[in-house]
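Structural overview for review
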Amino acid sequence: LLTIEKFIEKYPSLKDKPGPWGTTLLYSSSRNNHFKLVEYLIETAQCSVNAPNEQDLGKYLSSAKHDYE
């Protein structure tokens, strides 16, 4: 938890951005059952619960493209 706190303190604009694997901190934390970290990210760091993951965005854009063809 301390590492994440320091990261968010140093790079606050990245807290809701997808990382190298295309997922947000909140998504990765919840998917891996890190409940204390999820609680911190939502309540203290105020991460967005609606921030999109790149993988989800890619799927959406791909399906939207087919809608127009």
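On a predicted model such as this, the values are computed, not experimentally measured, just so you know.

1. Details of a nonpolar patch on the surface
Side chains of Phe7, Tyr11 and Leu14 sit close together on the surface and give an oily, nonpolar patch of about 250 Å² of accessible area. Inspection of the secondary structure puts Tyr11 in the loop between α1 (2-10) and α2 (25-31).

2. Some words on helix α3 (residues 35-44)
Structurally, the α-helix is built with 3.6 residues per turn, so residues lying three or four positions apart point the same way. Those residues of α3 that sit buried are Leu37, Val38, Tyr40 and Leu41. Around the axis of α3, the buried residues are gathered within 160° of arc, so they sit on the same side. Structural note: α3 exposes Phe35, Lys36, Glu43 and Thr44 on the side pointing more than 90 degrees away from its buried face. The inward-facing, buried residues of α3 contact α1 and α2.

3. Structural notes on the packing of aromatic side chains
Tallying each qualifying case throughout the model produces one aromatic pair. Between Phe7 and Tyr11, the aromatic rings sit 5.3 Å apart at their centres with planes inclined by 45°, giving tilted as the arrangement.

4. Observations regarding the environment of Thr23
When you line up the elements, Thr23 lands in the loop between α1 and α2. A polar atom in the side chain of Thr23 sits 2.6 Å from the side chain of Ser28.

5. Observations concerning the environment of Lys36
By secondary structure assignment, the location of Lys36 is in helix α3. Assessed through its relative accessible area of 64%, Lys36 is described here as exposed. Between the C-alpha atoms of Lys36 and Leu1, which are 35 residues apart in sequence, the distance is 8.2 Å.

6. Considerations on the nonpolar core
Counting residues in each nonpolar core, the largest one holds nine residues, listed as Ile4, Ile8, Leu26, Leu37, Val38, Tyr40, Leu41, Ala45 and Cys47. Listed by contribution, the elements that provide at least two residues to this core are α1 and α3. Per element, the largest residue contribution to this core is four residues, and it comes from α3. Excluding residues that lie within four positions of it along the chain, Ile4 makes contacts with Leu25, Leu37, Tyr40 and Leu41.

Conventions used here
Residues numbered from 1 in each chain as written. Predicted model: local features only at pLDDT ≥ 70, side-chain atom pairs only at ≥ 80, totals over all residues. Heavy atoms only, no water. Patch = residues over 30% accessible without salt bridge, like charges linked within 9 Å, V, L, I, M, F, W, Y side chains within 5 Å. Areas by Shrake-Rupley, 256 points an atom, 1.4 Å probe, with all protein chains shown as cover. Salt bridge = Lys/Arg side-chain N within 4 Å of Asp/Glu carboxyl O. Helix = DSSP H or I, 4+ residues; strand = E, 2+ residues; numbered from the N terminus. Buried < 20%, exposed > 50% of the residue type's maximum accessible area, 1.4 Å probe, protein only. Arc of directions from axis to C-beta. Contact = heavy atoms within 4.5 Å. Phe/Tyr/Trp six-rings, centres within 6.5 Å; stacked < 30°, edge-to-face > 60°. Polar contact = N/O pair within 3.5 Å; in protein donor to acceptor, adjacent residues only side chain to side chain. Core = buried A, V, L, I, M, F, W, Y, C linked by side-chain atoms within 4.5 Å.

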